[in-house]
Amino acid sequence: MARPALTIALLLTTKELVDACGQWLPVNRYKPVDLHQAASGEGLLEVLSHQREAVDAVVIEQSLLDESTREGLRREGLLFPAVVVGELMGRVDYHPEEVHLPVDQLEQLGYNVDAAISRFLRQGQKEARPEDESDASALPSAQSSAWKLSSRLQERLGYLGVFYKRDPSRFLANLPPDEQRELVQSLQRTYRDLLISYFRDPAAANQALESFVNTAFFGDLPITRTVEIHMNLIDEFWKQLKLEGHKNDFLQDYRLALLDVMAHLCEMYRRSIPPEVALAVSSEQRRSLMDSEMSS
């Protein structure tokens, strides 16, 4: 049975960016809502507060998240799974489970929204939870709001969520040829960002690495294509340095970046094996939940 589309709030400052983001959110999976009128801190807080129960995740422009706005969002408990669109700067702009995506890599937006939701839910599972929903009122406002959103997302996505049950229709091999080409080119730009900042700015490199790995995992990118992207970029750098008369033997050190990507991908695939359902759930209920996931 098809699940209802997830409502994604677009908090962006220009119509061009709204249109670009909407283009890369599949309509069968996402329902983008343009909230661009929230261009200032107070306006953003107000509009998100009114949409609290309707929004499942946000795509938000980095320039909107100044310190005052960020503190207001935390204070009001307006924490959603988030993709922050903007420059990779290695800092937390909204909350620790956000993911980052530069403007020139929006082809990966849908995959990174899934990654943001899975990170948000996984973090929620690590935290202490009330025994039942009525106890949520005893939590601080921000924590209570995050817990309620996590519960709502779990109900909408099913027990296995998005991390344990990827969408095959969005795998690279199943995309139309033009979308395959655009996605691979976008991944090449992400990998270039990773290599350029890998030794110079590890925090920014980590954000690029996360974006690349998220898309590779949810898009089921073959390992051979990852190696190919790495080798092609290193070859490009080698030729450029040689042309400019610089040394290029240090490029072999960038094998560490490829190993880093592989290690993160392996960890994501290891985690993609569904855990046991909570012990509090009976065996019969577990079978029912799994059957429901398999049939949907």
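Keep in mind it's a predicted model, so treat the numbers as computed, not measured.

## Some thoughts on the overall build of the chain
So, step 1. Helices and strands together make up the secondary structure of the chain, namely 10 helices and 5 strands.
So, step 2. The 296 residues of the chain split such that 46% are buried.
So, step 3. Expressed as a percentage of contacts within the chain between residues at least 6 apart in sequence, the contacts between residues at least 24 apart total 72%.
So, step 4. Accessible surface computed for the chain: about 15200 Å², of which carbon and sulfur atoms make up 54%.

## Focus: the environment of Val213
So, step 1. Take Val213: it is sitting in helix α7 (residues 202-218).
So, step 2. With a relative accessible area of 2%, Val213 lands in the buried category.
So, step 3. Distance from Val213 to Cys266, taken between C-alpha atoms, is 9.8 Å for residues 53 residues apart in sequence.
So, step 4. Contact partners of Val213, with chain neighbours within four places excluded, come to Val261, His264, Leu265 and Met268.

## Quick notes on the pairing of strand β4 (residues 82-85)
Look at any regular strand and the pattern is simple: side chains alternate between the two faces of the sheet.
So, step 1. Residues Ala82 and Val84 line one face of β4 and the alternating positions Val83 and Val85 line the opposite face, and both faces are buried.
So, step 2. Chirality of the crossover, the property in question, places the unit of strand β3 (residues 57-61), helix α3 (residues 67-75) and β4 among those that are right-handed.
So, step 3. Bridge analysis of β4 against strand β5 (residues 99-101) gives 3 bridges, and the strand direction is parallel. Bridged to Val83 within β5 is Val99.

## Remarks on unusual backbone geometry
So, step 1. For Asp220, which is not glycine, the phi dihedral falls at a positive 55 degrees.
So, step 2. Inspection of the secondary structure puts Asp220 in the loop between α7 and α8 (223-243).
So, step 3. Classification of Asp220 by relative accessible area gives partly exposed; the value is 30%.

## Observations concerning the pattern of salt bridges
So, step 1. The final tally for this structure, using the stated rule, is 15 salt bridges.
So, step 2. For Asp114, the salt bridge is made with Arg170, and the minimal N-O distance between the two is 2.8 Å. Taken together, the residues Asp114 in helix α4 (residues 109-126) and Arg170 in the loop between α5 (141-157) and α6 (177-197) connect sequence positions 56 residues apart.
So, step 3. Put simply, Arg29, Asp114 and Arg170 are held in one network by salt bridges that share partners.

Criteria and thresholds
- Residues numbered from 1 in each chain as written.
- Predicted model: local features only at pLDDT ≥ 70, side-chain atom pairs only at ≥ 80, totals over all residues.
- Heavy atoms only, no water.
- Helix = DSSP H or I, 4+ residues; strand = E, 2+ residues; numbered from the N terminus.
- Buried < 20%, exposed > 50% of the residue type's maximum accessible area, 1.4 Å probe, protein only.
- Contact = heavy atoms within 4.5 Å.
- Areas by Shrake-Rupley, 256 points an atom, 1.4 Å probe, with all protein chains shown as cover.
- Right-handed = clockwise from strand over helix to strand, strands pointing away.
- Pairing = 2+ DSSP bridges.
- Salt bridge = Lys/Arg side-chain N within 4 Å of Asp/Glu carboxyl O.

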